[in-house]
Amino acid sequence: MYEFDPDLSNLRVTEEDTAQISACLQRLLADTGASYTMVVDRSGQILAYESDGLRPEMTHLGALLAATYASTQEIARILNEDSFRTLLQEGLREKIITETVANHWLLVIIFDQQAHLGLIKVLAKRTTSILGNVLEVAQSRPVSENSGFSRRMLQATTDTIDLVFSDDEAKDRDEEND
Amino acid sequence: MALINVAAKEIHGKIVYYGPGLSGKTTNLQYIHSRIPSTTKGDLLSIATETERTLFFDFLPLDLGKVHGFTIRFHLYTVPGQVLYERTRVAVLNGADGVVFVADAQRDRLADNLQSLRELAQNLTTQGKRFLDYPIVMQYNKMDMPDALPTPVLDRYLNTIKAPRFEAVAPEGKGVFETLRAVSKLVVNKL
């Protein structure tokens, strides 16, 4: 068995973590009437999300929201602020609130005109505190508990990379040139 | 940092294409997007200026499918290469699991390559990574240009860490997938 590199793989979300995070997000949706809510890490990867049915393109949304947050933190730095812990984006139909969770994650809530902004702000704060506890426990687990990538899986992944990331047209062209 | 979601059986890795302005980072992603099967890729997202220069980043999600029950996903990003956007590069680099350094092989771009590489090393170090152990692949792009420096010269100046390196002509796809395969394997080897 290989060990996950602590510098790279310092977050392994277990089934128990996921259940706690999901329960938290579901309760937030139910209490606020928001449309979507998700937890994303600051590198743009989505840890968990819940929605009331419809689902936008979440992968791109995660990357863009993390980038927006990063950009805002640079503005804070220039203004000698520690950080802007809450972001609010308002559209005609939808609004987005982004709250920091501990130091590594973001809670994002997307809601329409039916939901009440004040209530969402209050419940978001409460939720970030619970999520922060869950995620910090996950992150603080010893590296040995994070072992899990077997030699067989590593080989299978490498083979898949060779298969999927191939460029047959380019190979054909090279052969023609030869 | 790679994210391993045991409940969802997903592994996510983040790969960043770094390098000086106009070295061909976006072209790499455009070529990958144009060639890879639609089942494997998401939309290529670009936040660019009106003149098509990268303003914030390009983003391309790739899905390798299931391996031993786990879905393996890589998210490819580029940084804006222009010197002005140094803080934006720091933001995009945050949490990266691997880096492709796209160098412009033309003689008059050597100083720009060196400056960008030094900045990358500094940014990784600031983020608590050891530059010498970090998964990095070098790509010498624009090798078809008449004033491209020979590979041994580029090696001497840019690849003192002896990272895997590939010659490339990104618009034609030469070296693009070789680079992607190499950096992806470095990332999974760190898992």
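**Student:** Which residues make up the domain arrangement of chain A, and what are the values?
**Tutor:** Taken as a whole, chain A is organised into domain 1 (15-144) and domain 2 (147-177). Computed over C-alpha atoms only, the centres of domain 1 of chain A and domain 2 of chain A are separated by 35 Å.

**Student:** Before we move on, could you go through the interface of chain A and chain B and cite the residues and values that matter?
**Tutor:** With 49 residues of chain A at the contact, the number on the chain B side is 52 residues. Here chain A meets chain B over a buried area of about 4,500 Å², counting both sides, of which 65% is carbon and sulfur. Here A:Asp162 ties to B:Lys185 by a salt bridge, and the two come within 2.6 Å at their closest N and O atoms. Linking chain A with chain B are 10 residue pairs in polar contact (both at pLDDT 80 or more), by the criterion used here. Mapped onto the side of chain A that touches chain B, the elements with two or more residues apiece are strand 1 (11-13), helix 1 (15-32), strand 3 (46-51), helix 2 (58-78), helix 4 (151-164) and helix 5 (168-177) of chain A. It is helix 4 of chain A that provides the largest number of residues to the side of chain A that touches chain B, a total of 10 residues.

**Student:** Describe the side chain of B:Arg109, listing the residues and the values that go with them.
**Tutor:** Residues and elements named next belong to chain B. With respect to the secondary-structure elements, Arg109 resides in the loop between strand 6 (98-104) and helix 3 (110-126). With a relative accessible area of 15%, Arg109 lands in the buried category. A distance of 3.2 Å separates a polar atom in the side chain of Arg109 from a polar atom in the side chain of Asp104. Here Arg109 is in contact with Pro20, Gly21, Leu22 and Asp104, once residues within four sequence places are set aside.

**Student:** I'd like a description of unusual backbone geometry, backed by residues and values.
**Tutor:** Located in the positive-phi region is A:Ala102, a residue other than glycine, with phi close to 50 degrees. Inspection of the secondary structure puts A:Ala102 in the loop between strand 5 (94-101) and strand 6 (105-112). We note that B:His68 has phi near 50 degrees; this positive angle belongs to a residue other than glycine. Within the fold, B:His68 resides in the loop between strand 4 (54-67) and strand 5 (70-78).

**Student:** Can you break down the packing of helix 1 of chain A against helix 3 (residues 117-140) of chain A residue by residue, with the values?
**Tutor:** All names here are of chain A. Two elements in contact, helix 1 and helix 3, have axes whose closest approach is 10 Å; the angle formed by their N-to-C orientations is 180 degrees. The orientation of helix 1 with respect to helix 3, classified from their angle, is roughly antiparallel. In contact with Asp17, Gln20, Ile21, Cys24, Leu25, Arg27, Leu28, Asp31 and Thr32 of helix 1, helix 3 contributes Leu119, Ile120, Leu123, Ala124, Arg126, Thr127, Ile130, Leu131, Val134, Leu135 and Ala138. Counted by class, the contact of helix 1 with helix 3 contains 13 nonpolar, 3 polar and 4 charged residues.

**Student:** Could you give an account of the sheet that holds strand 5 of chain A, naming the residues involved and the relevant values?
**Tutor:** All names here are of chain A. Taken in spatial order, the 5 strands make up an open sheet running 3-2-6-5-4, and their pairing is antiparallel. In this open sheet, the two edge strands, each paired with only one partner strand, are strand 3 and strand 4 (86-90). Taking each pair of neighbouring strands and ignoring which way they run, the sheet shows an average axis angle of 15 degrees. Strands in contact with helix 1 are strand 2 (36-41), strand 3 and strand 6; relative to strand 3, the strand with the most contacts, it is inclined by about 35 degrees. Lying on the sheet, helix 2 is in contact with strand 2, strand 3, strand 4, strand 5 and strand 6; it crosses strand 2 at an angle near 65 degrees.

**Student:** Describe helix 1 (residues 25-35) of chain B, and please don't skip the residues or the numbers.
**Tutor:** Since there are 3.6 residues in each turn of an α-helix, residues three or four apart along the chain are aligned in direction. Those residues of helix 1 of chain B that sit buried are B:Lys25, B:Asn28, B:Leu29, B:Tyr31 and B:Ile32. For helix 1 of chain B, the angular spread of buried residues about the axis comes to 160 degrees, placing them on one side.

Cut-offs applied
Residues numbered from 1 in each chain as written. Chains lettered and ligands numbered in written order. Predicted model: local features only at pLDDT ≥ 70, side-chain atom pairs only at ≥ 80, totals over all residues. Heavy atoms only, no water. Domains from an automatic or database assignment. Contact = heavy atoms within 4.5 Å. Buried area = accessible area lost by both parts, 1.4 Å probe. Salt bridge = Lys/Arg side-chain N within 4 Å of Asp/Glu carboxyl O. Polar contact = N/O pair within 3.5 Å; in protein donor to acceptor, adjacent residues only side chain to side chain. Helix = DSSP H or I, 4+ residues; strand = E, 2+ residues; numbered from the N terminus. Buried < 20%, exposed > 50% of the residue type's maximum accessible area, 1.4 Å probe, protein only. Axes fitted to C-alpha atoms, helices over the stretch in contact; angles between N-to-C directions. Parallel < 35°, antiparallel > 145°, perpendicular 65-115°, else oblique. Nonpolar A, V, L, I, M, F, W, Y, C, P; charged D, E, K, R; others polar. Pairing = 2+ DSSP bridges. Arc of directions from axis to C-beta.

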